[in-house]
Amino acid sequence: SGAEASAAGTAENGDGREKDAEGDDEDYTRAEAGTGVGQTDKLEAVSLSAVDGEEPAVQAETPIKADEVSTRVLKTSDREPAKDGDLVTVSTVAVDPEDGEVMGENFSTGPEVVMLNQRLKDANQELYRMLRTSAPGSEVAYYIPEQKAEEGEDGQSQGQDMPAALYVFRVNDILPTEAQGEEVTDLDDSLPKVTVDEESGHPTIEKPSGDAPKDLKVQPLIQGEGKEVGEHDQVTVQYTGVTWSEGETFDSSWENGGDPATFSLDGVIEGWQEGLAGQKVGSRVLIS
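Bear in mind that the values here come from a model prediction, so they are computed numbers and not experimental data. (Residues numbered from 1 in each chain as written. Predicted model: local features only at pLDDT ≥ 70, side-chain atom pairs only at ≥ 80, totals over all residues. Heavy atoms only, no water.)

A.B. asks: Sorry, what's going on with the side chain of Asn106 here?
C.D. replies: Examined against the element boundaries, Asn106 turns out to sit in the loop between strand S7 (102–105) and strand S8 (112–115). Looking at Asn106, the relative accessible area reads 14%, which means it is buried. Setting aside residues up to four positions removed in sequence, Asn106 forms contacts with Val90, Ser91, Thr92, Pro111 and Glu112. (Helix = DSSP H or I, 4+ residues; strand = E, 2+ residues; numbered from the N terminus. Buried < 20%, exposed > 50% of the residue type's maximum accessible area, 1.4 Å probe, protein only. Contact = heavy atoms within 4.5 Å.)

Below you can see the structure in the form of structure tokens.
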């Protein structure tokens, strides 16, 4: 399996506003501290104290109540926000808006990787916009009011009531969506050749020939320049897998919607754990 995704193309309209691959010409300029949507004043007293690897704390004047979905930028930076097609890493803490108690968080365990694409926008337009306008280093409070279950024609509730929720997001970084580094020229001739479509960035693994290796073979194709992956690390990858006997694709993140997969190397097959541990972030790797 191996390789990396391609970013969606962008262009500019005549007024300089960014236009996405989907044709969206909404203004996604960087949001400044204190701005947001909805009743931003309800979130004025919210602040975040967090150190990577440790459980965060949220300070707030509780209870917090707003009549609509509301956001407020608590902190920003001078960096540029992500574009459509980018991958961003996001740390999140969920807080009870009644008393400020932390209900869940991933600051201590590792951030979530989010792809900014039409799928995310269709599922949660407010979150998409927040991540498009929040530069790396930004912290944003995000409030969702209580949602009552709808009643059916028989007067019975359809679904469940959802209590009000408060989240604080930290946008950490924008990840590269393609392998970056030096191309490896010393290749094992017994392994199938990999080609990458220049336009889409999707790899193709040619049908293997000869007998499959009896032991694990790991062939870097591009040597990344990032940090070395540890055998217990969480990684985010794009991948394609083909059978040795037929050369048929049996699994591919590109063909499963295009979003990368994030997982701990402790939770995957031994070949992936051994093959990816020791590689550098940004690499393209062929594992047989």
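Next comes the rest of the account.
A.B. asks: So what exactly am I meant to see when it comes to the packing of aromatic side chains here?
C.D. replies: How two aromatic rings sit relative to each other is given by the distance of their centres and the angle of their planes. Applying the stated rule across the entire model yields five aromatic pairs. Judged by centre distance (5.9 Å) and plane angle (80°), the ring pair of Tyr28 and Tyr128 falls under edge-to-face. A residue pair is termed long-range when its members are at least 10 positions apart, and Tyr28 in the loop between strand S2 (18–19) and strand S3 (47–49) and Tyr128 in helix H2 (residues 125–133) qualify at 100 residues. For the pair Tyr28 and Tyr128, one class covers both residues: buried. Chaining the aromatic ring pairs together yields one cluster made of Tyr142, Tyr167 and Phe169. For Arg132, the ring lying beneath its charged end belongs to Tyr28, and the centroid distance is 4.0 Å. (Phe/Tyr/Trp six-rings, centres within 6.5 Å; stacked < 30°, edge-to-face > 60°. Lys NZ or Arg CZ within 6 Å of the ring centre and 35° of its normal.)

A.B. asks: What am I meant to see in the side chain of Thr240 here?
C.D. replies: Inspection of the secondary structure assignment puts Thr240 in strand S18 (residues 240–242). Separated by 3.3 Å, the side chains of Thr240 and Ser252 make a polar contact. (Polar contact = N/O pair within 3.5 Å; in protein donor to acceptor, adjacent residues only side chain to side chain.)

A.B. asks: Any chance you could explain unusual backbone geometry here in plain terms?
C.D. replies: Among all residues except glycine, the phi angle is most often negative; among peptide bonds, the trans geometry is most common. Backbone torsion omega between Thr62 and Pro63 reads 0°, so that peptide bond is classified as cis. Mapped onto the secondary structure, Pro63 falls in the loop between strand S4 (57–59) and strand S5 (70–75).

A.B. asks: I'm lost on the nonpolar core in this one. Help?
C.D. replies: One broad trend across soluble globular proteins is that nonpolar side chains are buried collectively. Counting residues in hydrophobic clusters, the biggest one holds 18 residues, and the most contacted among them are Val88, Val114, Leu116, Leu120, Leu127, Met130 and Leu131. Residue assignment for this core shows that the elements contributing at least two residues are strand S6 (87–95), H2, strand S9 (139–144) and strand S12 (165–175). No other element matches H2, which puts four residues into this core. In contact with Leu127, not counting residues within four places along its chain, are Leu120, Tyr142 and Phe169. Ala50, Val95, Phe107 and Ala141 belong to the second-largest nonpolar core, a separate cluster that totals 14 residues. (Core = buried A, V, L, I, M, F, W, Y, C linked by side-chain atoms within 4.5 Å.)

A.B. asks: Sorry if this is basic, but what is going on with the environment of Ser264 here?
C.D. replies: As for its position among the elements, Ser264 is in strand S20 (residues 261–264). Given the relative accessible area of 29%, Ser264 is considered partly exposed. Taking the C-alpha atoms as reference points, Ser264 and Ser138, separated by 126 residues in sequence, lie 26 Å from one another. Filtering out sequence-adjacent residues up to four positions away, Ser264 remains in contact with His232, Asp233 and Gln234.

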